Amino acid sequence: MTAPDVSVSIDNYQFRYWEEIEIRRSLDNFSTIELSAPFEPSEETFRSIFKPFSYFPMDVEIDDQRLFTGQLVGVEPRATAKSVTVRCSGYSLAAQLTDAHMPASEFPIEYGDHTLLQIAIALAKPFGVPVTVAAGTDLGPQFKRVRIKPQQKVGAFLAELARARGVVMRDTNQGELLFLTSTSAGSPVASFREGQQPAISVAATFSPQAYYSEITGLARTKAGRRGSGYTEKNDHLPSVVRPLSFTIGDVNAGDLPGAVKAKMARMFGNMVSYVVEVPTWVDPNGVLWAPNTTVTLLAPGAMVYRETELIVRDVILRAQGDRVTASLGLVLPGAFSGEQPPELPWD
């Protein structure tokens, strides 16, 4: 398949002369882009666009549809005897929250009886990042009391609150901070079979040291001591003793079960992942591969012994000249919805 029409805009200058491009999108992370292009240092336009530490606005459109809204972050020139190139990287507008702390002038910062949305809007405002919630997403009850410390980065702080409410956060195509729940199984956009097109390859990664027989959440009291607790058992590991305990603040005792179930589900999302390589940017319906969709996979060589529906967690779109490929990162269903999978692919 030939590459779609990809247009990159840097500081409102439309740039089409890249040689390689890689766009990363995720269900629970922020979008990034990397590209390499010829660099003409004698040209004033090139010198003004590819300017280190400029943080210029950076947008990407595919076939005239906005896919990425962010800012230029990295600029790395490289000169050889044969060519001069520049490698650029950018991340979405919302991704700057992962780098930054709140301005010192804002402290102390504490919220009582505020929802996750209210807290996120307040913290994102100094950075000019809009906040939105996906349709059908329930952000849960108000937080009784939360406080962000000066040394805490905004993105990590909000991600912790989101996990406590069983939701994930990412960015929209317009760069907004988005809270959402993961999709349900039942409507896969594609089916992959080992050794059959369009799957070029299938690889599995296991993380046995991040897998536990039970997880216990302990509420932090006002005095900083551990209070009430809740334990969730791993139905798939009944005969092995590998417990994990963690302390969580900013939740009422009644919220503990949901927070622990969410942590257990994320354990399943991290204990095994699959990467399917395909030679196209679009699914069988002609739609760009996207996170928060599902596919089915049957790959005995990767220990997926029965057809299994998996969630697309990450999508990496790559192009070099007319050659395009995509990498789909897949995880077990329920990984982001607080549910243990009823079966494992190797059972």
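Everything that follows concerns the structure shown earlier in this document.
Bear in mind that the values here come from a model prediction, so they are computed numbers and not experimental data.

Caption draft 1: View of the packing of helix α2 (residues 116-124) against helix α3 (residues 154-164). Where α2 meets α3, the closest approach of the two axes is 11 Å, and the angle between their N-to-C directions is 175 degrees. The orientation of α2 with respect to α3, classified from their angle, is roughly antiparallel. Contacts from Leu116, Ile119, Ala120 and Leu123 in α2 reach Val154, Phe157, Leu158, Leu161 and Ala162 in α3. Of the residues belonging to the contact of α2 with α3, the class tally is nine nonpolar, no polar and no charged.

Caption draft 2: Structural view of unusual backbone geometry. For the bond running from Phe107 to Pro108, omega is 0 degrees, close enough to zero to count as cis. Considering the arrangement of structural elements, one finds Pro108 in the loop between β7 (84-92) and β8 (109-114). Cis rather than trans, the peptide bond between Gln197 and Pro198 has omega equal to 10 degrees. Residues other than glycine seldom take positive phi values, yet Tyr55 does so here, at roughly 55 degrees. Inspection of the secondary structure puts Tyr55 in the loop between α1 (44-49) and β5 (57-62).

Caption draft 3: Local environment of the pairing of strand β19 (residues 294-299). The buried fraction of β19 is high, at five of six residues. Inspection of the sheet shows strand β13 (residues 190-193) paired to β19 by four bridges, in the parallel sense. Each residue of the ladder has a partner; that of Ala190, found in β19, is Val295. Pairing between β19 and strand β20 (residues 304-320): five bridges, direction antiparallel. Paired with Thr294 across the strands is Ile311, a residue of β20. The loop that links β19 with its antiparallel partner β20 comprises four residues; one of these, Met303, has a positive phi angle of about 65 degrees.

Caption draft 4: How the structure looks around the packing of aromatic side chains. Tallying each qualifying case throughout the model produces six aromatic pairs. Judged by centre distance (5.8 Å) and plane angle (80 degrees), the ring pair of Tyr211 and Phe268 falls under edge-to-face. Here Phe268 lies in helix α4 (residues 256-271) and Tyr211 lies in the loop between β14 (201-206) and β15 (214-220), a separation of 57 residues in the sequence. In this structure Tyr211 comes out as buried when scored by relative accessible area, which is 11%. Using a relative accessible area of 0% as the deciding quantity, one classes Phe268 as buried. Each member of the aromatic cluster is reached from another via a ring pair, and the members are Phe39, Phe46 and Phe50. Residue placement shows Arg165 over the ring face of Phe143; its charged tip is 3.9 Å from the ring centre.

What counts, and where the lines are drawn
- Residues numbered from 1 in each chain as written.
- Predicted model: local features only at pLDDT ≥ 70, side-chain atom pairs only at ≥ 80, totals over all residues.
- Heavy atoms only, no water.
- Axes fitted to C-alpha atoms, helices over the stretch in contact; angles between N-to-C directions.
- Helix = DSSP H or I, 4+ residues; strand = E, 2+ residues; numbered from the N terminus.
- Parallel < 35°, antiparallel > 145°, perpendicular 65-115°, else oblique.
- Contact = heavy atoms within 4.5 Å.
- Nonpolar A, V, L, I, M, F, W, Y, C, P; charged D, E, K, R; others polar.
- Buried < 20%, exposed > 50% of the residue type's maximum accessible area, 1.4 Å probe, protein only.
- Pairing = 2+ DSSP bridges.
- Phe/Tyr/Trp six-rings, centres within 6.5 Å; stacked < 30°, edge-to-face > 60°.
- Lys NZ or Arg CZ within 6 Å of the ring centre and 35° of its normal.

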